[in-house]
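# Overview (structure and organization)
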Amino acid sequence: MTYYRPIPQTDPHRPEGALPLAGGWCWFTQVERIERDGPRALIAARDVPGDVLERLTAPRAPLAGLAMDHPRLMGILNVTPDSFSDGGLFMDPEAALAQARAMQAAGADIIDVGGESTRPGALEVGVEDEIGRTAPVIAAIRAGSDGAISIDTRKSMVARSAIGAGASMLNDVSAFSYDGRMAQVAADSGLPICLMHAQGTPQDMQDDPTYDDVLLDIYDFLADRIAMAERAGISRDRIVVDPGIGFGKTLDHNLTLLRNLSLFHGLGCAILLGVSRKRFIGTLADAPEARDRMPGSIAVALHGLAQGIQITRVHDTAETRQAFQLAAALRGEQP
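A brief report on the enclosed structure follows. Here the residue numbers are simple positions, counted from 1 along each chain's written sequence. Two thresholds apply to this predicted model, a pLDDT of at least 70 for residue-level local features and 80 or more for giving and counting side-chain atom pairs, whereas whole-chain, interface and lining totals are computed over all residues. To obtain the side-chain values, all non-hydrogen atoms of the structure were included, while hydrogens and water were left out.

### Some points on the overall build of the chain
Under the scheme used here, helices are H or I runs from DSSP no shorter than 4 residues and strands are E runs no shorter than 2 residues, and both carry numbers assigned from the N terminus. Scanning the chain from N- to C-terminus turns up 10 helices and 13 strands. With the radius of gyration taken over C-alpha atoms, the globule rule is written as 2.2 Å times the number of residues to the power 0.38. Relative to the compact-globule value of 20 Å for 335 residues, the chain shows a C-alpha radius of gyration of 19 Å, a close match. Seen through its principal axes, the chain has C-alpha atoms that stretch 55 × 45 × 40 Å. Counting across all 335 residues of the chain, residues that qualify as buried make up 55%. Contacts are residue-level and defined by heavy atoms, with any inter-residue pair within 4.5 Å sufficient. Across the chain, the fraction of contacts at a sequence separation of at least 24, relative to all contacts at a separation of at least 6, is 69%. Here the Shrake-Rupley method, with its probe set to 1.4 Å, supplies the accessible areas, and only the displayed protein chains count as covering residues. Surface accessibility of the chain: about 13,800 Å² in total, with carbon and sulfur atoms responsible for 50%. The averaged location of the 43 negative side-chain charges in the chain is 2 Å from the averaged location of its 31 positive side-chain charges. Burial classification: accessible surface area is computed with a 1.4 Å probe over protein chains only, and a residue below 20% of its type maximum counts as buried, one above 50% as exposed, and the rest as partly exposed. The positive count covers Lys and Arg only, the negative count covers Asp and Glu only, and His and the chain ends enter neither. By convention, charge coordinates are those of NZ in Lys, CZ in Arg, CG in Asp, or CD in Glu.

### Thoughts on the packing of aromatic side chains
Aromatic contacts are taken between Phe, Tyr and Trp rings whose centres are within 6.5 Å, Trp giving its six-membered ring; a plane angle under 30 degrees counts as stacked, one over 60 as edge-to-face, and the others as tilted. A complete count under the given rule lists 2 aromatic pairs for this structure. Geometrically, the ring pair formed by Tyr-3 and Tyr-219 is edge-to-face, given 5.5 Å between the ring centres and 85° between the ring planes. Of this pair, Tyr-3 sits in strand E1 (residues 2-6) while Tyr-219 sits in helix H6 (residues 214-231), and the two are 216 residues apart along the sequence. Considered together, Tyr-3 and Tyr-219 belong to a single accessibility category, that of buried residues. In this structure an aromatic cluster arises from ring pairing among Tyr-3, Tyr-219 and Phe-264.

### With respect to the sheet that holds strand E4 (residues 30-35)
Pairing between strands is defined by DSSP: at least two bridges between the two strands are required. One open sheet holds the 3 strands; their spatial order is E1-E4-E5, and the pairing between them is antiparallel. Across the chains shown, the open sheet's two edge strands, defined by having one partner strand only, are E1 and strand E5 (40-44). Sheet twist, expressed as the average angle between the axes of neighbouring strands with direction ignored, equals 30°. In this structure, E1 lies alongside E4, joined through 5 bridges in antiparallel fashion. What sits directly across from Tyr-3, in E4, is Ile-34. For helices, the fitted axis covers only the stretch in contact; all axes are lines through C-alpha atoms, and the angles between them, taken along N-to-C directions, range from 0 to 180 degrees. Against the sheet, H6 contacts E1, E4 and E5, and its axis sits at roughly 100° relative to E1.

### Quick look at unusual backbone geometry
Here Ala-64, not a glycine, exhibits a phi torsion of approximately 50°, which is positive. Examined against the element boundaries, Ala-64 turns out to sit in the loop between helix H1 (50-57) and strand E6 (72-78). Here Ala-64 falls in the partly exposed class, since its relative accessible area comes to 27%. The phi torsion at Phe-176 lies on the positive side, around 75°, for a residue other than glycine. Relative to the helices and strands, Phe-176 resides in the loop between strand E9 (169-172) and helix H5 (181-189). The buried category is assigned to Phe-176, whose relative accessible area is 3%.

Shown next, in the form of structure tokens:
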């Protein structure tokens, strides 16, 4: 199989004939052609097969009422006692609602509510406990806002309860691998769903993650999950993909994926990037405490922006929004 990675650019002086990347703010004139166990070659965009070029250039459909032609921020709301960065801070429903409102005011386009930690080593949470943590918070957010709300869960019953409470998007970190019924729940709901790659479970995913080729293996996994979703009745324009930085990956795996993010545009879906405060940032920047990793998180988020990533999942909403606004101004876009 041949893979094609567009080389994204954002310079305001865009040459004639440059192609839009996923209908967004990046453009490209060249593509890296990649073969498994073979050489890589830089080719002109015009030499890419027509069906591949269509997926690379076509505008992404709106998701949860949000256009994908400019970057979107997903604010993280963990109603858990043990999440790696903010565990225990928002277990109280009033504190969770206040945090959601604060993130919305700071520019979060989507609030992602999670009731089960997926940090390395985290234990599984029972369905009823997870519903009890998430559904009331989603209902409270929805009561005062028509903004997008995502439920971060692997479990179909939790997803059903969240949809009933007012969720407008699903975020399955197992990409249907944990609970096969999730595909039908998503299909029946008509809501968009994010499918993320993870090797193993939170309990064991960092024990010894290995790949033949981390970039191409994850691309193929996501392509397979998209095909499964389509068979279940979920159209591609409702699917978001996430390469799963830090979920069953070493530092080198993470860096390889980040350097080659634009490959995933070839799947024809919007892309979500979740790197906020993750361990690899602490390793590279000598920041052992998660709360001290905001500058590094923004640096990686800006890298994702330059790769055409449509949705960035963050803890530090106001700071990341400010960085994105400055990046847009430097690209020559009107505020």
